[in-house]
Amino acid sequence: MSQPGFFLSLEGSEGCGKSTQLQRIKAYLESRSIEPVMVREPGGTALGEKIRHLLQHDEAGDGMAAEAELLLFAASRAQMMREVVGPALDAGRVVIADRFIDSTTVYQGVARGLSVEMIQRVNAIATGGRVPDVTLLLDLDVATGRERSSSRGDAPDRMERESDAFFESVRNGYLDLAQAEPERIVVIDAAQDIDTVHQAIVAVLEEHL
């Protein structure tokens, strides 16, 4: 594989099946003797995981301003890019990210109503201008996503407690991004069964790897 590595991100709203498909992607790549670097947002580093807890579970996050939320996500991303993702790509590795810049654009931009121009500037600082080579968008309607999330039995985190209207905005924001950047973002129907979704993902990976 040629330098500077290959960068894949997975995006989608709550309940879309990202966690399941990330594990399957990892297993598929390992079966081809490719050991991917797996990261998640927010998180991916010791600092990022602290920020993740604050954003999702700490009661101090209740009532967080949208701008503060944006900058915390960006701080986690900036650390992860410089500590993990950037060096891995420079070394020619395959990096798989559970969420990346598109989450910020749709959650803090479209759904929270922050300026997209401002978000683009913040993202550019955090990433050093690096964007995924390919982004897989697991698209799922809000009602099905809610049902899947609740079936896990876990207490919802701060983001998962948002309204259906919020998540409708998130989904529409993702689909608008995919329409604007079809060369990067591949939409996959996440309402299909797990195996069918995985085969669609494998087809994309085989095309690019």
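Residues numbered from 1 in each chain as written. Predicted model: local features only at pLDDT ≥ 70, side-chain atom pairs only at ≥ 80, totals over all residues. Heavy atoms only, no water.

For the rest of this paragraph, the subject is the sheet that holds strand S5 (residues 185-189). As summarised here, the arrangement of the 5 strands in space is S2-S3-S1-S4-S5, forming an open sheet in which the pairing is parallel. In this open sheet, the two edge strands, each paired with only one partner strand, are strand S2 (37-40) and S5. Strand-to-strand twist of the sheet, defined as the mean angle between neighbouring strand axes without regard to direction, takes the value 20 degrees. Bridge count for S2 against strand S3 (residues 94-98) is 4 bridges, and the pairing is parallel. Residue pairing across strands places Val39 opposite Ala97, the latter belonging to S3. Against the sheet, helix H3 (residues 66-90) touches strand S1 (6-11), S2 and S3, its axis set at about 155 degrees to S2. (Pairing = 2+ DSSP bridges. Helix = DSSP H or I, 4+ residues; strand = E, 2+ residues; numbered from the N terminus. Axes fitted to C-alpha atoms, helices over the stretch in contact; angles between N-to-C directions. Contact = heavy atoms within 4.5 Å.)

This next bit is on the UniProt feature "domain: Thymidylate kinase-like" (unreviewed entry) in the chain. The feature "domain: Thymidylate kinase-like" (unreviewed entry), as given by UniProt, occupies residues 10-201 in the numbering adopted here. Counting secondary structure, residues 10-201 comes out at 56% helix and 11% strand; the distance between its end C-alpha atoms is 10 Å. (UniProt positions renumbered as here; feature names shortened; annotations may be inferred.)

In this section: the side chain of Thr45. Tracing the sequence through the fold places Thr45 in the loop between S2 and helix H2 (46-56). Residue contacts for Thr45: discarding those within four places in its chain leaves Gln79, Met80, Glu83 and Val84.

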